[in-house]
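# Architecture and fold: a report
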Amino acid sequence: QKLREEGERRSMEYKALNAQIEGKVSEMEKKADEMGEKIKGLESERDALKEAMTSEEFKHKAHDAEEIARLRGEVEVLKEKLANAELRSAAFGEKSAEDVGELERQLNLLKTE
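Once a new chain begins, its residue numbering starts again from 1 and follows that chain's sequence as written. Local features in a predicted model are, by the rule used here, given only for residues with pLDDT of at least 70; side-chain atom pairs are given and counted only at 80 or more, and totals for whole chains, interfaces and linings are based on all residues. To obtain the side-chain values, all non-hydrogen atoms of the structure were used and water was disregarded.

### Looking at the overall build of the protein chain
The condition that has to hold: Note on conventions: DSSP H or I runs of at least 4 residues are helices, E runs of at least 2 residues are strands, and numbering of each starts at the N terminus. Type-normalised accessible area, obtained with a 1.4 Å probe on protein chains alone, sets the label of each residue: buried when under 20%, exposed when over 50%, and partly exposed for intermediate values. Surface exposure here means Shrake-Rupley accessible area, sampled with a 1.4 Å probe, where a residue is shielded only by the protein chains that are shown. Neither His nor the chain ends contribute to the count of charged residues, in which Lys and Arg are positive and Asp and Glu negative. Note that the charge is assigned to NZ on lysines, CZ on arginines, CG on aspartates and CD on glutamates.
Along the protein chain, the regular secondary structure elements total one helix and zero strands. The C-alpha extent of the protein chain, read off along each of the three principal axes, is 165 × 15 × 10 Å. Taken over 113 residues, the protein chain has a buried fraction of 0%. With an accessible surface of roughly 10,800 Å², the protein chain has 59% of that area assigned to carbon and sulfur atoms. The positive charge centre, built from 22 side chains, and the negative charge centre, built from 29, are 9 Å apart in the protein chain.

### Regarding a nonpolar patch on the surface
Worth spelling out the cut-off: Exposure above 30% relative accessible area and the lack of any salt bridge qualify a residue for a patch; like charges then connect within 9 Å, and the nonpolar side chains Val, Leu, Ile, Met, Phe, Trp and Tyr within 5 Å. Salt bridges are defined by distance alone: a side-chain nitrogen of Lys or Arg within 4 Å of a carboxyl oxygen of Asp or Glu.
A cluster of nonpolar side chains, Y14, L17, I21 and V25, forms an exposed patch at the surface whose accessible area comes to about 380 Å². The residue L17 is located in helix α1 (residues 2–112) in this model. We classify L17 as partly exposed; its relative accessible area is 42%.

### Observations concerning the pattern of salt bridges
Close approach of charged atoms lets side chains of opposite charge pair. Inspection of the entire model under this criterion finds eight salt bridges. Note that E76 and K79 form a salt bridge whose closest N and O atoms lie 3.7 Å from each other. With a gap of three residues between them, E76 and K79 both fall in helix α1, about one helical turn apart. By sharing partners, the salt bridges in this structure join E6, R9, R10 and E13 into a single network.

### A look at the environment of S96
The topology assignment puts S96 in helix α1. Residue class for S96 comes out partly exposed when judged on its relative accessible area of 24%. Residues S96 and E66 lie 30 residues apart in sequence; the distance between their C-alpha atoms is 44 Å.

### Regarding a negative patch on the surface
A cluster of acidic side chains, namely E29, D33, E34 and E37, defines a negative patch on the protein surface. You can see E29 is positioned in helix α1.

### Structural notes on the environment of R46
Defined as follows: In protein, a polar contact requires one atom able to donate a hydrogen and another able to accept it; more generally it is a pair of N or O atoms within 3.5 Å, and residues adjacent in sequence count only if both atoms are side-chain atoms.
Of note, R46 is situated in helix α1. Accessibility expressed as a relative area gives 42% for R46, which makes it partly exposed. Taking the C-alpha atoms as reference points, R46 and L107, 61 residues apart in sequence, are found 88 Å from one another. Polar side-chain contacts of R46 include one of 3.2 Å to the side chain of D47.

Following this line, the structure appears as structure tokens:
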């Protein structure tokens, strides 16, 4: 009888201990699930930030390409203006040379008179 009572007492102690351990395990599983959810949320946020950074880099690259194209266009316009100015200058130089020649001829005529 004593042995039986001792067995029952130990059995109850083990059951209580088992219930306590199961409670702790359940609590740890719940915390692990919460941490898993946090990890998934952080991973999702990380992926979104990576995508945003890539998109932002693309925008900057596209903006840089637009700026380069705009500047190249301006350079071409300036080259054209320079070429036109050189042509006008050459034409003006010829006209000036003609005018000087004409003035010299008139001066020589006046001297001869």
